[in-house]
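Next come the chains, spelled out residue by residue.
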Amino acid sequence: MTLDDIDRKIKNSPSLIGTTGNERLVLSGLLEEFDACKGNDKKKAKYILEKLGFGINDINRILS
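Residues numbered from 1 in each chain as written. Predicted model: local features only at pLDDT ≥ 70, side-chain atom pairs only at ≥ 80, totals over all residues. Heavy atoms only, no water.

Trainee: An account of the packing of aromatic side chains is requested, with residue identities and associated values reported.
Mentor: Applying the stated rule across the entire model yields zero aromatic pairs. Between Arg24 and the ring centre of Phe54, over which it is positioned, the NZ or CZ distance is 4.6 Å. (Phe/Tyr/Trp six-rings, centres within 6.5 Å; stacked < 30°, edge-to-face > 60°. Lys NZ or Arg CZ within 6 Å of the ring centre and 35° of its normal.)

Trainee: Can you tell me about the pattern of salt bridges, naming the residues and giving the values?
Mentor: One pass over the structure, following the stated rule, counts five salt bridges. The salt bridge involving Lys44 is made with Glu33; its shortest N-O contact spans 3.0 Å. In this pair, Lys44 is assigned in helix 4 (residues 42-51) and Glu33 in helix 3 (residues 31-38), connecting sequence segments 11 residues apart. Take Lys44 and Glu33: they sit in the same class, and that class is buried. (Salt bridge = Lys/Arg side-chain N within 4 Å of Asp/Glu carboxyl O. Helix = DSSP H or I, 4+ residues; strand = E, 2+ residues; numbered from the N terminus. Buried < 20%, exposed > 50% of the residue type's maximum accessible area, 1.4 Å probe, protein only.)

Trainee: I'd like a rundown of helix 2 (residues 21-28), residues and numbers included.
Mentor: Considered for burial, the residues of helix 2 that qualify are Gly21, Arg24, Leu25 and Ser28. End-on, the buried residues of helix 2 take up no more than an arc of 95 degrees, which puts them together on one face. Projecting away from the buried face of helix 2 at angles above 90 degrees are the exposed residues Asn22 and Val26. On the buried face of helix 2, the contacting elements are helix 1 (3-11), helix 3 and helix 4. (Arc of directions from axis to C-beta. Contact = heavy atoms within 4.5 Å.)

Trainee: Account for the packing of helix 4 against helix 5 (residues 56-63), with residues named and values stated.
Mentor: Interaxial distance between helix 4 and helix 5 falls to 10 Å at its minimum, and their mutual angle equals 145 degrees. Crossing angle aside, the handedness with which helix 4 passes helix 5 is right-handed. Across the interface between the two elements, Lys42, Ala45, Lys46, Leu49 and Glu50 from helix 4 touch Ile56, Ile59, Ile62 and Leu63 from helix 5. Broken down by class, the residue content of the contact of helix 4 with helix 5 amounts to six nonpolar, no polar and three charged. (Axes fitted to C-alpha atoms, helices over the stretch in contact; angles between N-to-C directions. Left-handed = near helix turned anticlockwise from the far one by under 90°. Nonpolar A, V, L, I, M, F, W, Y, C, P; charged D, E, K, R; others polar.)

Quick look at the structure:
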């Protein structure tokens, strides 16, 4: 999945306001992509989390 594909999925997602991190991943349709790249493509995993509105401290904790 390209970064443009990720942006499109997020743009076409229902409102993510007031949702948990896991809910944002599920509602955006990016949970499987995130899980697949979390271990071997941290740059893409970080991009997904940033685009979903995760804070830098949470991103660092999740990816460490």
